[in-house]
Amino acid sequence: MKKISIYRPTSIEEAIQVLSLHGTEAGVYAGGTDLLIRLKNRLKQAPTYLVDIKKINNLRYIKEDAQGGVQIGALTKIAELAESELLAKKYPMLVEAVRMISSPELRNASTLGGDILQEVWCQYLRGGYACWRNGGYICYGAIGDNSYYHSAMGGRLCYAVYPGDAATALIPYDAKVKLATPFGMKELTVEQLVPGDMMVDGRIQSHVVRFNEILTEVVIPPPKPGLRASFEKLRPRGVWDFAMASLAITLQLRDKTIEDARVVFGGISGKPLRETAVENFLKGKTLSTDLGNQAVPVALTNAAPLKYNATKIDMAKGLLVSGLVRLNAAA
Ligand code: SF4
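Residues numbered from 1 in each chain as written. Predicted model: local features only at pLDDT ≥ 70, side-chain atom pairs only at ≥ 80, totals over all residues. Heavy atoms only, no water.

1. Re the nonpolar core
- One finds Leu94, Ile116, Leu193, Val218 and Ile220 to be the most contacted residues of the largest nonpolar core, which totals 39 residues.
- For this core, the elements supplying multiple residues, two or more each, are strand E5 (70–73), helix H3 (78–83), helix H5 (92–98), helix H7 (112–117), helix H10 (166–170), strand E6 (176–181), helix H11 (190–193) and strand E10 (214–220).
- If you tally residues by element for this core, the top one is H5, at five residues.
- Sequence-distant contacts of Val218, that is, excluding residues within four places in its chain, are made with Val70, Gln71, Ile72, Leu112, Ile116, Leu170, Ala175, Lys176 and Val177.
- Ala245, Ala261, Ile268 and Leu324 belong to the second-largest nonpolar core, a separate cluster that totals 27 residues. (Core = buried A, V, L, I, M, F, W, Y, C linked by side-chain atoms within 4.5 Å. Buried < 20%, exposed > 50% of the residue type's maximum accessible area, 1.4 Å probe, protein only. Helix = DSSP H or I, 4+ residues; strand = E, 2+ residues; numbered from the N terminus. Contact = heavy atoms within 4.5 Å.)

Right, dumping it as C-alpha coordinates:
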(Lines give C-alpha, C1' and ligand atoms only; values in the text may rest on other atoms or scores of the structure.)
Protein backbone atom coordinates (compact mmCIF):
# COMPACT_ATOMS: atom_id res chain seq x y z
CA MET A 1 0.00 0.00 0.00
CA LYS A 2 1.28 3.49 -0.73
CA LYS A 3 2.68 5.52 2.20
CA ILE A 4 0.20 7.84 3.83
CA SER A 5 -0.13 10.36 6.65
CA ILE A 6 -3.26 10.61 8.75
CA TYR A 7 -4.76 13.69 10.35
CA ARG A 8 -7.43 13.37 13.03
CA PRO A 9 -9.25 16.69 13.24
CA THR A 10 -11.91 17.19 15.90
CA SER A 11 -14.00 19.76 14.07
CA ILE A 12 -15.28 20.28 10.54
CA GLU A 13 -13.44 23.62 10.35
CA GLU A 14 -10.15 21.94 11.22
CA ALA A 15 -10.78 19.17 8.68
CA ILE A 16 -11.45 21.72 5.95
CA GLN A 17 -8.24 23.58 6.84
CA VAL A 18 -6.22 20.38 6.40
CA LEU A 19 -7.96 19.52 3.14
CA SER A 20 -7.32 23.04 1.85
CA LEU A 21 -3.65 22.83 2.88
CA HIS A 22 -2.92 19.65 0.90
CA GLY A 23 -5.27 20.17 -2.05
CA THR A 24 -6.09 17.09 -4.09
CA GLU A 25 -3.30 15.16 -2.30
CA ALA A 26 -5.67 14.87 0.69
CA GLY A 27 -8.93 12.96 1.03
CA VAL A 28 -11.63 12.36 3.61
CA TYR A 29 -11.38 9.06 5.49
CA ALA A 30 -14.63 7.81 7.05
CA GLY A 31 -15.63 4.12 6.85
CA GLY A 32 -12.65 3.34 4.60
CA THR A 33 -14.32 0.49 2.70
CA ASP A 34 -13.71 2.26 -0.62
CA LEU A 35 -10.73 4.47 0.23
CA LEU A 36 -8.49 1.77 1.71
CA ILE A 37 -8.96 -0.40 -1.37
CA ARG A 38 -8.07 2.55 -3.60
CA LEU A 39 -4.89 2.95 -1.56
CA LYS A 40 -4.15 -0.75 -1.71
CA ASN A 41 -4.64 -0.72 -5.46
CA ARG A 42 -2.16 2.22 -5.61
CA LEU A 43 -4.52 4.28 -7.71
CA LYS A 44 -3.10 7.57 -8.90
CA GLN A 45 -6.03 9.53 -7.51
CA ALA A 46 -5.83 7.89 -4.05
CA PRO A 47 -4.84 10.50 -1.43
CA THR A 48 -1.50 10.69 0.38
CA TYR A 49 -2.94 12.60 3.34
CA LEU A 50 -6.00 11.05 4.95
CA VAL A 51 -8.28 13.33 6.92
CA ASP A 52 -9.98 10.97 9.36
CA ILE A 53 -13.30 12.62 10.28
CA LYS A 54 -14.49 9.89 12.64
CA LYS A 55 -13.42 11.89 15.71
CA ILE A 56 -15.67 14.80 14.75
CA ASN A 57 -18.76 14.87 16.93
CA ASN A 58 -22.29 15.04 15.62
CA LEU A 59 -21.89 13.47 12.19
CA ARG A 60 -23.51 10.17 13.13
CA TYR A 61 -27.26 10.35 13.83
CA ILE A 62 -30.74 9.70 12.45
CA LYS A 63 -33.26 12.18 13.80
CA GLU A 64 -36.66 13.58 12.97
CA ASP A 65 -36.78 17.32 12.26
CA ALA A 66 -39.47 19.82 13.23
CA GLN A 67 -41.26 19.44 9.86
CA GLY A 68 -41.53 15.65 10.14
CA GLY A 69 -38.63 14.97 7.78
CA VAL A 70 -35.46 13.15 8.77
CA GLN A 71 -31.85 14.32 9.04
CA ILE A 72 -29.08 11.74 8.73
CA GLY A 73 -25.46 12.45 9.61
CA ALA A 74 -23.01 11.53 6.85
CA LEU A 75 -21.05 9.22 9.18
CA THR A 76 -24.10 7.11 10.02
CA LYS A 77 -23.33 3.47 9.25
CA ILE A 78 -25.24 1.72 6.50
CA ALA A 79 -26.17 -0.96 9.07
CA GLU A 80 -27.71 1.75 11.28
CA LEU A 81 -29.86 2.94 8.39
CA ALA A 82 -30.90 -0.65 7.69
CA GLU A 83 -32.02 -1.12 11.29
CA SER A 84 -33.64 2.26 11.87
CA GLU A 85 -37.30 2.03 12.90
CA LEU A 86 -37.78 5.73 12.11
CA LEU A 87 -36.58 5.27 8.54
CA ALA A 88 -38.55 2.04 8.13
CA LYS A 89 -41.70 3.89 9.17
CA LYS A 90 -41.17 6.99 7.02
CA TYR A 91 -39.07 5.83 4.04
CA PRO A 92 -39.34 2.04 3.81
CA MET A 93 -37.96 1.98 0.26
CA LEU A 94 -34.68 3.55 1.45
CA VAL A 95 -34.35 0.83 4.07
CA GLU A 96 -35.11 -1.83 1.42
CA ALA A 97 -32.30 -0.38 -0.69
CA VAL A 98 -29.61 -0.09 1.98
CA ARG A 99 -30.27 -3.64 3.17
CA MET A 100 -29.10 -4.76 -0.28
CA ILE A 101 -25.80 -2.90 -0.10
CA SER A 102 -22.84 -5.26 -0.03
CA SER A 103 -22.42 -7.67 2.92
CA PRO A 104 -23.34 -7.35 6.65
CA GLU A 105 -19.66 -6.84 7.55
CA LEU A 106 -19.24 -3.99 5.09
CA ARG A 107 -22.58 -2.42 6.08
CA ASN A 108 -21.21 -2.27 9.65
CA ALA A 109 -18.14 -0.35 8.48
CA SER A 110 -19.34 1.81 5.60
CA THR A 111 -21.09 5.13 6.00
CA LEU A 112 -23.93 6.85 4.19
CA GLY A 113 -21.60 9.59 2.95
CA GLY A 114 -19.11 7.01 1.73
CA ASP A 115 -21.75 5.05 -0.16
CA ILE A 116 -22.94 8.18 -1.94
CA LEU A 117 -19.45 9.45 -2.84
CA GLN A 118 -17.67 6.15 -3.52
CA GLU A 119 -15.33 5.77 -6.47
CA VAL A 120 -16.46 3.66 -9.42
CA TRP A 121 -15.59 -0.05 -9.36
CA CYS A 122 -14.54 -0.46 -12.99
CA GLN A 123 -12.16 -3.43 -13.06
CA TYR A 124 -9.66 -1.52 -15.20
CA LEU A 125 -9.43 1.38 -12.75
CA ARG A 126 -9.24 -0.92 -9.74
CA GLY A 127 -6.68 -3.04 -11.57
CA GLY A 128 -4.36 -0.03 -11.91
CA TYR A 129 -4.73 0.57 -15.67
CA ALA A 130 -3.75 4.09 -16.77
CA CYS A 131 -7.23 5.15 -17.90
CA TRP A 132 -8.84 8.62 -17.84
CA ARG A 133 -9.68 8.26 -14.14
CA ASN A 134 -6.20 7.04 -13.34
CA GLY A 135 -4.06 9.65 -15.02
CA GLY A 136 -4.14 8.24 -18.57
CA TYR A 137 -5.82 9.13 -21.85
CA ILE A 138 -8.02 6.18 -22.75
CA CYS A 139 -11.10 4.37 -21.45
CA TYR A 140 -10.49 0.62 -21.38
CA GLY A 141 -14.06 0.03 -20.26
CA ALA A 142 -15.45 1.48 -23.48
CA ILE A 143 -13.43 -0.94 -25.63
CA GLY A 144 -12.84 -3.94 -23.35
CA ASP A 145 -15.04 -6.10 -21.12
CA ASN A 146 -17.93 -3.81 -20.27
CA SER A 147 -20.50 -6.43 -19.38
CA TYR A 148 -20.92 -5.48 -15.70
CA TYR A 149 -19.38 -2.22 -14.44
CA HIS A 150 -20.09 0.02 -17.42
CA SER A 151 -22.74 2.38 -18.66
CA ALA A 152 -25.38 1.30 -21.16
CA MET A 153 -26.56 4.90 -21.44
CA GLY A 154 -23.47 6.49 -22.98
CA GLY A 155 -20.71 8.43 -21.30
CA ARG A 156 -18.29 11.28 -21.75
CA LEU A 157 -14.70 10.32 -20.87
CA CYS A 158 -15.41 7.58 -18.33
CA TYR A 159 -18.00 4.85 -19.02
CA ALA A 160 -18.14 3.35 -15.52
CA VAL A 161 -21.54 3.10 -13.85
CA TYR A 162 -22.28 4.99 -10.67
CA PRO A 163 -22.15 2.19 -8.07
CA GLY A 164 -24.04 3.50 -5.01
CA ASP A 165 -27.53 2.40 -4.01
CA ALA A 166 -28.36 4.98 -1.34
CA ALA A 167 -28.41 7.93 -3.76
CA THR A 168 -30.64 6.02 -6.18
CA ALA A 169 -33.15 5.44 -3.36
CA LEU A 170 -32.87 8.99 -1.93
CA ILE A 171 -33.63 10.85 -5.17
CA PRO A 172 -37.29 9.72 -5.40
CA TYR A 173 -37.81 11.11 -1.89
CA ASP A 174 -36.44 14.51 -3.08
CA ALA A 175 -33.61 14.30 -0.55
CA LYS A 176 -31.00 17.03 -0.20
CA VAL A 177 -27.47 17.09 1.15
CA LYS A 178 -25.40 19.60 3.07
CA LEU A 179 -21.75 20.22 2.24
CA ALA A 180 -19.39 22.04 4.58
CA THR A 181 -17.12 24.29 2.53
CA PRO A 182 -14.46 26.92 3.41
CA PHE A 183 -17.17 29.51 2.77
CA GLY A 184 -19.94 27.98 4.89
CA MET A 185 -22.62 25.35 4.29
CA LYS A 186 -23.90 24.56 0.82
CA GLU A 187 -27.12 22.67 0.04
CA LEU A 188 -27.70 20.53 -3.06
CA THR A 189 -30.24 17.95 -4.13
CA VAL A 190 -28.88 14.40 -4.30
CA GLU A 191 -29.37 14.60 -8.07
CA GLN A 192 -27.14 17.69 -8.21
CA LEU A 193 -24.56 15.98 -6.00
CA VAL A 194 -24.00 12.98 -8.31
CA PRO A 195 -24.45 14.18 -11.91
CA GLY A 196 -22.14 11.58 -13.49
CA ASP A 197 -18.54 11.75 -14.64
CA MET A 198 -17.17 15.25 -14.75
CA MET A 199 -13.91 17.08 -14.15
CA VAL A 200 -13.66 18.53 -10.63
CA ASP A 201 -10.37 20.06 -9.48
CA GLY A 202 -8.57 18.35 -12.37
CA ARG A 203 -9.95 14.87 -11.56
CA ILE A 204 -12.75 12.85 -13.11
CA GLN A 205 -15.33 11.98 -10.49
CA SER A 206 -19.03 11.12 -10.34
CA HIS A 207 -19.89 13.76 -7.73
CA VAL A 208 -19.34 17.50 -7.47
CA VAL A 209 -17.69 17.61 -4.03
CA ARG A 210 -14.51 19.71 -4.25
CA PHE A 211 -11.22 18.74 -2.60
CA ASN A 212 -11.87 20.96 0.45
CA GLU A 213 -15.57 20.22 0.96
CA ILE A 214 -17.15 17.62 3.24
CA LEU A 215 -20.56 15.99 2.95
CA THR A 216 -22.08 16.36 6.43
CA GLU A 217 -25.78 15.55 6.25
CA VAL A 218 -28.63 14.11 4.19
CA VAL A 219 -32.05 15.66 4.71
CA ILE A 220 -35.21 13.90 3.56
CA PRO A 221 -38.44 15.93 3.47
CA PRO A 222 -41.52 14.56 5.25
CA PRO A 223 -43.17 11.72 3.33
CA LYS A 224 -46.42 12.77 1.67
CA PRO A 225 -49.61 10.85 2.46
CA GLY A 226 -50.43 8.38 -0.30
CA LEU A 227 -46.79 7.91 -1.36
CA ARG A 228 -45.93 4.35 -2.39
CA ALA A 229 -42.38 3.24 -3.10
CA SER A 230 -40.43 0.23 -4.33
CA PHE A 231 -36.73 -0.64 -4.73
CA GLU A 232 -35.43 -3.67 -6.61
CA LYS A 233 -31.88 -4.61 -7.54
CA LEU A 234 -30.56 -7.25 -9.90
CA ARG A 235 -27.05 -8.53 -9.15
CA PRO A 236 -25.07 -11.64 -10.01
CA ARG A 237 -24.85 -12.80 -6.38
CA GLY A 238 -27.13 -12.31 -3.37
CA VAL A 239 -24.52 -10.39 -1.37
CA TRP A 240 -21.55 -8.17 -2.07
CA ASP A 241 -22.34 -7.40 -5.70
CA PHE A 242 -23.21 -4.06 -7.21
CA ALA A 243 -26.36 -3.64 -9.27
CA MET A 244 -26.45 -4.85 -12.85
CA ALA A 245 -29.60 -2.74 -12.82
CA SER A 246 -31.78 -1.35 -10.06
CA LEU A 247 -34.92 0.73 -9.85
CA ALA A 248 -36.21 3.07 -7.17
CA ILE A 249 -39.72 4.27 -7.86
CA THR A 250 -42.25 6.35 -5.94
CA LEU A 251 -45.85 7.05 -6.87
CA GLN A 252 -48.04 9.71 -5.32
CA LEU A 253 -51.49 8.11 -5.41
CA ARG A 254 -55.03 9.38 -4.95
CA ASP A 255 -56.97 6.14 -4.79
CA LYS A 256 -55.34 4.44 -7.79
CA THR A 257 -54.68 7.59 -9.80
CA ILE A 258 -51.01 8.53 -10.10
CA GLU A 259 -50.65 12.21 -9.27
CA ASP A 260 -46.86 12.27 -9.35
CA ALA A 261 -44.02 9.81 -9.93
CA ARG A 262 -40.28 9.47 -9.54
CA VAL A 263 -38.44 6.81 -11.51
CA VAL A 264 -34.68 6.38 -10.91
CA PHE A 265 -32.55 3.62 -12.43
CA GLY A 266 -29.26 2.54 -10.86
CA GLY A 267 -26.45 0.39 -12.26
CA ILE A 268 -26.92 1.32 -15.91
CA SER A 269 -25.45 4.82 -16.20
CA GLY A 270 -22.72 7.05 -14.81
CA LYS A 271 -25.26 8.54 -12.40
CA PRO A 272 -28.51 7.50 -10.73
CA LEU A 273 -30.64 7.97 -13.84
CA ARG A 274 -33.92 9.79 -13.36
CA GLU A 275 -36.22 8.78 -16.21
CA THR A 276 -38.54 11.78 -16.57
CA ALA A 277 -40.14 10.42 -19.77
CA VAL A 278 -41.59 7.53 -17.75
CA GLU A 279 -42.52 9.85 -14.88
CA ASN A 280 -44.49 12.07 -17.29
CA PHE A 281 -46.11 9.01 -18.89
CA LEU A 282 -47.28 7.73 -15.51
CA LYS A 283 -48.79 11.01 -14.29
CA GLY A 284 -52.58 10.91 -14.50
CA LYS A 285 -52.67 7.18 -15.29
CA THR A 286 -54.56 4.62 -13.22
CA LEU A 287 -52.28 2.12 -11.51
CA SER A 288 -52.93 -1.39 -12.86
CA THR A 289 -51.09 -4.68 -13.34
CA ASP A 290 -50.45 -3.86 -17.01
CA LEU A 291 -49.19 -0.28 -16.55
CA GLY A 292 -45.53 -1.36 -16.51
CA ASN A 293 -45.84 -3.01 -19.91
CA GLN A 294 -47.43 0.16 -21.25
CA ALA A 295 -44.58 2.27 -19.80
CA VAL A 296 -41.74 0.17 -21.25
CA PRO A 297 -41.86 1.69 -24.79
CA VAL A 298 -41.19 5.17 -23.38
CA ALA A 299 -38.39 4.02 -21.07
CA LEU A 300 -34.67 4.47 -21.81
CA THR A 301 -35.21 5.36 -25.46
CA ASN A 302 -31.77 7.01 -25.59
CA ALA A 303 -29.97 3.87 -24.41
CA ALA A 304 -26.49 3.47 -25.93
CA PRO A 305 -25.22 0.07 -24.81
CA LEU A 306 -21.58 -0.91 -25.27
CA LYS A 307 -20.54 -4.18 -26.93
CA TYR A 308 -21.35 -6.48 -23.99
CA ASN A 309 -23.94 -4.74 -21.82
CA ALA A 310 -27.21 -4.37 -23.75
CA THR A 311 -28.72 -6.83 -21.30
CA LYS A 312 -28.60 -4.10 -18.63
CA ILE A 313 -31.28 -2.20 -20.54
CA ASP A 314 -33.49 -5.31 -20.73
CA MET A 315 -33.01 -5.78 -16.99
CA ALA A 316 -33.90 -2.17 -16.25
CA LYS A 317 -37.07 -2.39 -18.31
CA GLY A 318 -37.98 -5.63 -16.55
CA LEU A 319 -37.58 -3.83 -13.22
CA LEU A 320 -39.93 -1.10 -14.39
CA VAL A 321 -42.60 -3.71 -15.04
CA SER A 322 -42.03 -5.56 -11.76
CA GLY A 323 -41.81 -2.32 -9.75
CA LEU A 324 -45.21 -1.17 -10.97
CA VAL A 325 -46.68 -4.64 -10.40
CA ARG A 326 -45.39 -4.53 -6.80
CA LEU A 327 -46.84 -1.08 -6.22
CA ASN A 328 -50.18 -2.09 -7.72
CA ALA A 329 -50.35 -5.12 -5.44
CA ALA A 330 -49.61 -2.95 -2.40
CA ALA A 331 -52.05 -0.14 -3.30
S1 SF4 B 1 -14.75 3.25 -17.47
FE2 SF4 B 1 -13.78 4.94 -16.35
S3 SF4 B 1 -12.67 3.91 -14.75
FE4 SF4 B 1 -13.07 2.36 -16.33
S5 SF4 B 1 -11.36 2.37 -17.77
FE6 SF4 B 1 -12.85 3.83 -18.54
S7 SF4 B 1 -12.18 5.81 -17.68
FE8 SF4 B 1 -11.23 4.21 -16.45
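So, next bit.
2. Observations regarding the sheet that holds strand E4 (residues 62–64)
- Ordered in space as E4-E5-E10-E6-E7, the five strands form an open sheet in which the pairing is antiparallel. Pairing within the sheet leaves two strands with one partner each, and these edge strands are E4 and strand E7 (184–189). Taken pair by pair, the neighbouring strands of this sheet meet at an average axis angle of 25°, ignoring direction.
- In this structure, E5 lies alongside E10, joined through four bridges in antiparallel fashion. (Pairing = 2+ DSSP bridges. Axes fitted to C-alpha atoms, helices over the stretch in contact; angles between N-to-C directions.)

3. A word on the sheet that holds strand E2 (residues 26–29)
- A sheet is described by the order of its strands in space; here three strands give the open sequence E1-E3-E2, paired in parallel fashion. Of all the strands in the sheet, just strand E1 (5–7) and E2 have a single pairing partner and so form its edges. Neighbouring strand axes in the sheet, compared pairwise and without regard to direction, differ in orientation by 30° on average.
- In the sheet, E2 pairs with strand E3 (residues 49–52) via four bridges, with the strands oriented parallel. Directly across from Tyr29, in E3, lies its bridge partner Asp52.

4. Thoughts on the pattern of salt bridges
- Per the counting criterion, the structure on display carries 21 salt bridges.
- We note a salt bridge from Glu213 to Lys186, for which the minimum N-O separation is 2.9 Å. With Glu213 in the loop between strand E9 (203–205) and E10 and Lys186 in strand E7, the pair connects residues that are 27 residues apart, well separated along the chain.
- Among the charged side chains, a network of salt bridges with common partners joins Asp174, Asp260, Arg262 and Lys283. (Salt bridge = Lys/Arg side-chain N within 4 Å of Asp/Glu carboxyl O.)

5. Let's talk about the packing of aromatic side chains
- Counted according to the given criterion, the structure contains eight aromatic pairs.
- With a centroid separation of 5.2 Å and 65° between ring planes, the pair formed by Tyr129 and Tyr140 is classed as edge-to-face. Here Tyr140 lies in helix H9 (residues 140–143) and Tyr129 lies in the loop between helix H8 (123–126) and H9, a separation of eleven residues in the sequence.
- Using a relative accessible area of 40% as the deciding quantity, one classes Tyr129 as partly exposed.
- Tyr140 sits in the partly exposed class, given a relative accessible area of 26%.
- Among the aromatic residues, those joined into a cluster by ring pairs are Tyr124, Tyr129 and Tyr140.
- The ring of Trp121 carries Arg126 above its face, with NZ or CZ at 3.5 Å from the centroid. (Phe/Tyr/Trp six-rings, centres within 6.5 Å; stacked < 30°, edge-to-face > 60°. Lys NZ or Arg CZ within 6 Å of the ring centre and 35° of its normal.)

Any functional reading would require information that these geometric values do not contain.
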